[in-house]
Amino acid sequence: METIQFKIKERESRVELPESLGFGKIFTDHMFEMDYSEKLGWHNPTIRPVEDLPVHPASMFIHYGQAVFEGLKAFRQQSGDVVLFRADKHFERLNNSSRKICIPEIDVDFAVEALKELINIDKDWIPTKHGESLYIRPFIYGVDPFLGVKPAKEFKFILLLSPVAAYYPEGFKPVKILVTDEYVRAVRKGLGDCKTPANYAASLMAGQTAIKKGFTQVLWLDGVEQKYIEEVGTMNIFINLKNEIVTPKLNGSILPGITRRSVIEILKEWNMNIVERNISINEVVDAYDNGELVGVFGTGTAAIISPVGWLTFKDKQMTLNDGQPGELDKKLFEELTSIHYGLKEDTHNWLIHVEQKEVVTS
Ligand SMILES: Cc1ncc(COP(=O)(O)O)c(C=O)c1O
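I will try to describe carefully the structure that is included in this document. A quick note: this is a predicted structure, and the numbers were derived from the prediction, not measured.

1. Details of empty space enclosed by the protein
One simple way to see leftover space: roll a probe sized like a water molecule over the atoms.
Phase 1: In the structure shown here, the tally under the stated rule is one cavity of 30 Å³ or more.
Phase 2: Computed from the structure, the largest cavity encloses a volume of approximately 80 Å³.
Phase 3: Together, Lys73, Phe75, Phe85, His90, Thr259, Gly300, Thr301, Ile304, Leu336 and His340 line the largest cavity.
Phase 4: If you list the elements that add at least two residues to the lining of the largest cavity, you get strand S5 (72-76) and helix H7 (327-340).
Phase 5: Class assignment of the residues belonging to the lining of the largest cavity gives a composition of four nonpolar, five polar and one charged.

Now the structure itself:
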């Protein structure tokens with residue numbers, strides 16, 4: 001691939017990493033930005049200081065939600081190397097989301113190169129402690145000002161970086177989940193398999209209701225029959241049964257998680273019986289009653305693995321593994337984080353190395 005020429009408008013670094021990073025609250029010095037128009041296609045790739053965006057009040061994404069986003073991470077390994085986890089797969093998924101809502105696709109290789117360039121410029125912002133990382137938020141939105149419902153003609157693609165804390169600073173913490181049959185997140189042939197704001201807007205009321213009742217998040221059932229398990233909060237879900245590990249088959253309303261995909265590959269390598277199929281909430285309740293439910297866990301970029309300690313469906317309350325993380329959950333978390341931080345060889349070629357070099361501004 002040819003070298004990409006970016007316009008780089010640099011500002012003096014003001015790296016200030018607070019003791020408590022939290023999640024998504026702090027942003028690095030720079031962002032990457034690129035524009036799209038019908039005439040020029042994607043053009044004007046620029047790295048510039050993070051600042052407010054000029055947005056016309058009639059911008060189409062504000063009114064009709066024509067936007068897509070991603071969430072991925074970069075890690076600083078003990079050697080000082082900086083790596084991205086499956087960034088290519090995240091940009092491919094961004095394109096899959098874009099296709100469904102009439103947003104022009106980006107070039108995946110170009111996006112990976114742009115991201116590497118941006119991270120190199122802000123590399124001092126990458127936290128160094130084990131478990132911490134640099135969260136990356138790519139997003140695209142329709143900008144042209146027009147108040148009718150139709151696809152936008154102009155778009156902006158942005159890469160934003162945010163240093164984040166370890167998800168489990170004090171060790172694995174199982175979550176308390178409410179199975180909701182009051183709300184649905186997405187329906188087949190809708191937007192559930194896209195990372196687009198509409199899905200997250202649709203999830204807010206259910207999430208808040210669960211929190212008010214003392215739960216951490218909700219488990220989503222399918223939008224048609226409210227019978228089959230789909231996802232947990234903003235994670236994919238795995239049900240560990242006595243003779244098989246089940247994760248819901250991708251059906252159009254489930255987001256195809258990159259962590260889900262990685263966990264499936266690891267479980268296959270470990271010769272475990274991982275099956276992608278429909279699984280109803282009643283089957284899970286029966287398995288619990290018969291002593292065949294070993295555990296439940298969620299998978300996603302933020303938490304990596306999130307053990308479910310308690311599951312409530314209507315008046316059925318289930319305590320899983322005495323509210324403790326399961327052996328498999330711990331093993332998978334260890335495996336994935338060891339790959340991230342370079343403690344284990346990346347035999348799958350999931351990591352993309354960010355070359356650290358001098359920055360040349362123009
Ligand atoms: C709705 C939803 N499901 C699943 C996931 C997990 O996907 P990934 O493993 O790619 O982070 C996410 C997070 O991106 C999500 O928002």
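The structure having been displayed, the exposition proceeds.
2. A look at the state of the cysteines
In protein chemistry, a disulfide is the covalent bond that joins the sulfur atoms of two cysteines.
Phase 1: Here the structure, examined in full by the defined rule, presents zero disulfides.
Phase 2: As a non-bridged cysteine, Cys102 has Cys194 as the owner of its nearest cysteine sulfur, 11 Å distant.
Phase 3: Cys102 gets classed as partly exposed once you look at its relative accessible area, which sits at 47%.

3. Re the layout of surface pockets
Phase 1: Empty space within the largest pocket amounts to approximately 890 Å³.
Phase 2: Together, 41 residues line the largest pocket, and Tyr167, Thr234, Met235, Ala302 and Ala303 are the ones closest to its centre.
Phase 3: Considering every element that reaches the lining of the largest pocket, the biggest residue donor is strand S8 (residues 155-164), with three residues.
Phase 4: Partitioning the lining of the largest pocket into residue classes produces 19 nonpolar, 15 polar and seven charged.
Phase 5: When its volume is computed, the second largest pocket comes out at roughly 250 Å³.
Phase 6: The wall of the second largest pocket is formed by 20 residues, among which His130, Gly131, Ala166, Phe333 and Thr337 lie closest to the centre.
Phase 7: Listed by contribution, the elements that provide at least two residues to the lining of the second largest pocket are S5 and H7.
Phase 8: The greatest single-element share of the lining of the second largest pocket, amounting to five residues, is contributed by H7.
Phase 9: Of the residues that constitute the lining of the second largest pocket, the class distribution is 11 nonpolar, seven polar and two charged.

4. Thoughts on the nonpolar core
Phase 1: Counting residues in each nonpolar core, the largest one holds 47 residues, and the members touching the most others are Ile229, Ile239 and Leu311.
Phase 2: Discounting chain neighbours no more than four positions away, the residues touching Ile229 are Leu219, Trp220, Leu221, Ile237, Ile239, Pro248, Ile279, Ser280, Ile281 and Val284.
Phase 3: Formed by 38 residues, the second largest nonpolar core is a distinct cluster that contains Val82, Leu118, Ile136 and Leu159.

5. Remarks on helix H3 (residues 108-121)
Phase 1: In this model, H3 (14 residues) spans 20 Å end to end at C-alpha, consistent with the 20 Å of a helix rising 1.5 Å per residue.
Phase 2: In terms of burial, H3 is largely enclosed, as 10 of its 14 residues are buried.
Phase 3: Within the span of H3, buried status applies to Val108, Phe110, Ala111, Val112, Ala114, Leu115, Leu118, Ile119, Asn120 and Ile121.
Phase 4: Between a side-chain oxygen at the N-terminus of H3 and the backbone nitrogen of Asp109 the separation is 3.0 Å; the capping residue is Asp107.

6. What to know about the site of the ligand
Phase 1: Taken together, 16 residues are adjacent to the ligand, and Lys195, Tyr200, Glu231, Thr259 and Thr301 come closest.
Phase 2: Tyr200 places a polar side-chain atom, nitrogen or oxygen, 2.5 Å from an oxygen atom of the ligand.
Phase 3: Within the contact set of the ligand, a nitrogen atom lies 2.4 Å away from a side-chain nitrogen or oxygen of Glu231.
Phase 4: Bound to the protein, the ligand loses 96% of the 390 Å² it would expose on its own.
Phase 5: One can see that the ligand is located within the largest pocket.
Phase 6: Looking at the shell around the ligand, the elements with two or more residues in it are helix H2 (87-100), strand S12 (235-241), helix H5 (258-269) and strand S15 (293-300).
Phase 7: When the residues that make up the shell around the ligand are grouped by side-chain class, the tally is four nonpolar, eight polar and four charged.

7. What to know about the side chain of Lys156
Phase 1: With respect to the helices and strands, the residue Lys156 is situated in strand S8.
Phase 2: Here the side chain of Lys156 touches Glu33 through a polar contact of 3.3 Å, side chain to side chain.
Phase 3: Within the structure, the side chain of Lys156 is placed 2.7 Å from the side chain of Asp35, a separation counted as a polar contact.

8. Details of the pairing of S12
Phase 1: Along S12, seven of the seven residues are buried, which leaves the element largely enclosed by surrounding structure.
Phase 2: The pairing of strand S11 (residues 229-232) with S12 spans two bridges and is classified as antiparallel. From the neighbouring strand, Val232 faces S12, where its bridge partner is Met235.
Phase 3: Following S11, the chain reverses through two residues before pairing antiparallel with S12; Gly233 in that reversal takes a positive phi of roughly 55 degrees.
Phase 4: Both S12 and S15 contribute to a ladder of six bridges, which runs antiparallel. Among the inter-strand pairings, Ile237 is bridged to a residue of S15, identified as Gly298.
Phase 5: Pairing analysis gives two bridges linking S12 to strand S13 (residues 245-247), with the strands arranged antiparallel. What sits directly across from Ile239, in S13, is Val246.

Analysis parameters
Along each chain, residues carry numbers from 1 onward, in the same order as the chain's sequence is written. Under the rules for a predicted model, residues below a pLDDT of 70 receive no local features and side-chain atom pairs below 80 are neither given nor counted, while totals for whole chains, interfaces and linings still include all residues. No hydrogens and no water enter the side-chain calculation; it runs on all heavy atoms of the structure. A cavity here means a set of points on a 1 Å grid, drawn over the protein atoms and nothing else, where a 1.4 Å probe fits but cannot get out; a pocket is an open set with protein on both sides within 12 Å along at least five of seven lines, and a residue lines either one if it has an atom within 4 Å of a point. Grid points are joined across faces, edges and corners, and a volume is the space filled by probe spheres set on the points. Each helix is a run of DSSP H or I of at least 4 residues and each strand a run of E of at least 2, with the numbering of both proceeding from the N terminus. Lys, Arg, Asp and Glu make up the charged group, whereas Ala, Val, Leu, Ile, Met, Phe, Trp, Tyr, Cys and Pro make up the nonpolar group; the residues left over, Gly among them, are polar. By convention in this document, the label disulfide applies to cysteine sulfur atom pairs within 2.5 Å. Exposed residues in this analysis have more than 50% of their type's maximum accessible area, buried residues have under 20%, and partly exposed residues fall in between, with area computed by a 1.4 Å probe over protein chains only. The set of buried Ala, Val, Leu, Ile, Met, Phe, Trp, Tyr and Cys residues whose side-chain atoms join them within 4.5 Å is what this entry labels a nonpolar core. In what follows, residue pairs with any heavy atoms lying within 4.5 Å of each other are defined as contacts. To estimate the expected span of a helix, count its residues, drop one, and scale the result by 1.5 Å. Pairs of N or O atoms within 3.5 Å make up the polar contacts considered here, provided that, within protein, one atom can donate a hydrogen while the other can accept it, and that residues adjacent in sequence are counted only when both atoms are side-chain atoms. Nearness of a residue to a molecule or strand requires only that one of the residue's heavy atoms be within 4 Å of it. Reported accessibility uses the Shrake-Rupley method at a 1.4 Å probe radius. Residues are deemed covered only where the shown protein chains occlude them. The rule for placing a molecule in a cavity or pocket is simple: more than half of its atoms must lie within 2 Å of the grid points. Two strands qualify as a pair provided that DSSP identifies no fewer than 2 bridges between them.

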